Amino acid sequence: MMQLFPSTYFTYKNNKLYCEEVAVAEIVKQTGTPTYIYSKNYFEDAYKEFDAAFGEIPHIIFYAAKANFNLSVIKTFLQLGSGVDVNSEGELYRALKAGANAKEIILTSVGKTRNEIKLGLEHDVLMIKAESEEEVILINEIAASMNTVARVAIRVNPDVDAKTHPYISTGLSENKFGVNSETALRIFRMQSELKNIRFTGIDMHIGSQITSVSPFVEAVEKLSNLFMILKKEGIELIHFDIGGGIGIQYKDEKTFSVKEFARAILPTLKSLNCKIIFEPGRYLTANAGILVTEVLYTKKNQNKNFLVVDAAMTDLLRPSIYGAYHHIQPVEIDKTKKEIVADVVGPVCESGDFLAKERAIQKSVHGDLLAVMSAGAYGMVMASNYNARRRPAEILVDGNKFSVIRSRETLDHLLFDEVKVLK
Ligand SMILES: *Cc1c(COP(=O)(O)O)cnc(C)c1O
């Protein structure tokens, strides 16, 4: 049976799909397909709910821009009081362009370049999260050459199993992220020799799309022990950063609410008496967005139904790389049409180019519109130009209004960097 994703931001009125109060079909009449559509009220409500759940303790949310780095999306969170967690020079540039001030930015990445560290220090971001001893030494050296003192947190790998997809699990000892507890202690104890570093925080991020609170509880516990050991030794940290990773519903996952999350970790967090940092990405954005695509062809190969649509792995990569599930549903429901089971595939020359496999879906014809649900996180940010495809447009809906927050790429845009050098 065809499943409709339960949402209060994307609903059917007279069998037509709406984002908030705007008909999806009306939007794409103007923008064409494929197009990402986001609900601004979803972003705002999710942020406020998260913020309120931790209202009892001093905390800051740093929205993880890598989930959706559109300037208007970053700005929406900034206006709610959020900071931004950035993963590269490019994301730092985006955060600043969106209006963040440097004190609202933290710089992450397992492999920052010398230039990225220098940029972070020049802008004087709130803190740089270091992921190895070598990096700490380099930060100290660069800060010294700039006559400044870098605020640094150490990312600790708490060695817990987040029980998520192996590609998005980051907190096991075998993963590339952070350092183990012993190494972290050793680095923190170098504080007196590191004249151009001030350790301000301890940090973790154990993975993404985590659907149970227990890995968080276990990891917070481990990190708080470390925090207390340091405190006893006179190394007083002012930030305790538990990263992001909170899972959301794509299919029928049993997830936890932010209230349950807070209930589980608040007792430990309270005992630390410092500022708690959160870095949610997916939680704030995934179910705020859909990708709308048009059916180009329907066909049968070997008794298998295919819907060939105009969106591809180049627009939404998650099904191809993680085998991820996204609900796909008609933009207009027609109960007189029968249901079929089909693979929904894109135009790219790769068998890995699919959005869904063996999916129950309303029988469609050329020109029908489909909505790929839960596409607001790790969607557009992973889009590519493979097959020289232009990346999609992005739309932000607010009540009964919508705005184009990124227009569809032009053909000239695709050639821009080459035309300059062509002799
Ligand atoms: C990706 C990432 C996040 C956000 O993860 P979500 O699963 O989207 O919440 C937060 N912090 C760090 C360091 C990350 O790499």
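For the structure itself, look to the data block above.
These lines cover the structure that appears in this document, whether it is placed above or below. Everything quoted here is computed from the prediction, not taken from an experiment.

Quick look at the packing of helix H2 (residues 40–53) against helix H3 (residues 71–79) now. Where H2 meets H3, the closest approach of the two axes is 10 Å, and the angle between their N-to-C directions is 40°. For the element pair H2 / H3, the angle class is oblique. H3 is crossed by H2, and the crossing has right-handed handedness. Residues Lys40, Phe43, Glu44 and Tyr47 of H2 touch H3, and the partners they reach there are Val73, Thr76 and Phe77. In terms of residue class, the contact of H2 with H3 is built from 4 nonpolar, 1 polar and 2 charged.

Moving on, we come to the pattern of salt bridges. In total, this model carries 23 salt bridges according to the counting rule given. Residue Asp124 is joined to Lys103 by a salt bridge in which the shortest nitrogen-to-oxygen separation is 3.0 Å. Note that Asp124 is positioned in the loop between helix H5 (114–123) and strand S8 (127–130) and Lys103 in the loop between helix H4 (89–97) and strand S7 (105–107), a separation of 21 residues in sequence. By relative accessible area, which is 32% here, Asp124 ends up partly exposed.

Before going further, it helps to examine unusual backbone geometry. In this model, Thr33 is joined to Pro34 through a cis peptide bond whose omega is -10°. Although it is not a glycine, Ser109 adopts a positive phi angle of roughly 145°. Relative to the helices and strands, Ser109 resides in the loop between S7 and H5. Look at Ser109 and you get buried, because its relative accessible area is 9%.

Definitions and limits used
Residues numbered from 1 in each chain as written. Predicted model: local features only at pLDDT ≥ 70, side-chain atom pairs only at ≥ 80, totals over all residues. Heavy atoms only, no water. Axes fitted to C-alpha atoms, helices over the stretch in contact; angles between N-to-C directions. Helix = DSSP H or I, 4+ residues; strand = E, 2+ residues; numbered from the N terminus. Parallel < 35°, antiparallel > 145°, perpendicular 65-115°, else oblique. Left-handed = near helix turned anticlockwise from the far one by under 90°. Contact = heavy atoms within 4.5 Å. Nonpolar A, V, L, I, M, F, W, Y, C, P; charged D, E, K, R; others polar. Salt bridge = Lys/Arg side-chain N within 4 Å of Asp/Glu carboxyl O. Buried < 20%, exposed > 50% of the residue type's maximum accessible area, 1.4 Å probe, protein only.

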